[in-house]
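Fold and contact review
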Amino acid sequence: MLHAICSKKQLTAHAYYVFVADILEHANMQQLKQFRHHVHTTRFQHSINVSYYSYLICRRFHWDAVSAARAGLLHDFYFYETCEYDRSAAPEQASHFATHPKLALSNAAMAFSLNAKEEDMIVHHMWPVVKQKPQCKEGFVVAIVDKYIAIFEYLAPFWQRMRQTLVGQN
Ligand SMILES: [Fe+2]
Ligand SMILES: [Fe+2]
């Protein structure tokens, strides 16, 4: 079952899936299930969350929803645990925030054919945490959805516990 966070829609039965199936079923993408992301989820699930909601928003405004969906899936396409990024031996080395979008783009370009918008959305998705802005409107959607989704992912277990407590009181 493939769902985005806060959604009951089965994604394999959704029009969205047709546009991203080649990426989702790729062995490298499946590998992202091994990596934790934002403490309580996996990088695979986080990528789906960003991709699906970016797709819905861009589709609503008649923007390039397909490129947003594809770039959303690939924006964190790197293969190490984030907490293992260590620059203590070389403090002048760029931060994980600055380096992982470039790494994601390079990994994504090796595995898939990307258009210019998708490249832009992947490499600039850390805006506004880093200064470089996306060059297309869809890029702003992916960057903002990424940050909102991160908050939801961090807080999901607390909300779940709160809901269970409230239901238990009724
Ligand atoms: Fe990221
Ligand atoms: Fe992300």
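The coordinates are above.
Just so it is clear, the structure is predicted and the values come from calculations on it, not from any experiment. (Residues numbered from 1 in each chain as written. Chains lettered and ligands numbered in written order. Predicted model: local features only at pLDDT ≥ 70, side-chain atom pairs only at ≥ 80, totals over all residues. Heavy atoms only, no water.)

**Let's talk about the overall build of the chain**
For clarity, the threshold we go by: Put simply, DSSP H or I for four residues or longer makes a helix, DSSP E for two residues or longer makes a strand, and each gets a number counted from the N terminus. Radius of gyration here is computed from C-alpha atoms only, and the compact-globule reference equals 2.2 Å multiplied by the residue count raised to the power 0.38. Burial status follows relative accessibility: with a 1.4 Å probe on protein chains alone, a residue under 20% of its type maximum counts as buried, one over 50% as exposed, and anything between as partly exposed. Throughout, a residue-residue contact means that at least one pair of heavy atoms, one from each residue, lies within 4.5 Å. For every accessible area listed, the method is Shrake-Rupley and the probe measures 1.4 Å; residues are considered covered only by the protein chains on display.
On a plain count of helices and strands, the chain comes out with seven helices and two strands. Secondary structure elements in the chain, listed N-terminal to C-terminal, are α-α-β-β-α-α-α-α-α. Taken over the C-alpha trace, the chain has a radius of gyration of 16 Å; the compact-globule value for 170 residues is 15 Å, and the two agree within 12%. Expressed along its principal axes, the backbone C-alpha trace of the chain runs to roughly 55 × 40 × 30 Å. For the chain, the residues scored as buried account for 46% of the 170 residues in total. Pairs at least 24 apart in sequence give 60% of the contacts found in the chain among residues at least 6 apart. For the chain, the accessible area works out to roughly 9400 Å², and carbon and sulfur atoms hold 60% of it.

**Details of the coordination of the iron ion (ligand 1)**
Heads up, the rule is: Ligating atoms shown are N, O and S within 2.8 Å of the metal, or 3.2 Å for Na, K and Ca, and water is not included, meaning a site may look less than complete.
All of the protein donors around the iron ion (ligand 1) are Asp76 (OD), His100 (NE2) and His125 (NE2); their distances to the metal are 2.1 to 2.2 Å. Read from N- to C-terminus, the donor residues coordinating the iron ion (ligand 1) fall into the pattern D-x23-H-x24-H. Separating the iron ion (ligand 1) from the iron ion (ligand 2) is a gap of 3.6 Å, bridged by Asp76, which donates to each. Here His125 lies in the loop between α6 (116-123) and α7 (137-169) and Asp76 lies in the loop between α4 (65-74) and α5 (96-111), a separation of 49 residues in the sequence. Here Asp76 and His125 have matching classes, each one buried.

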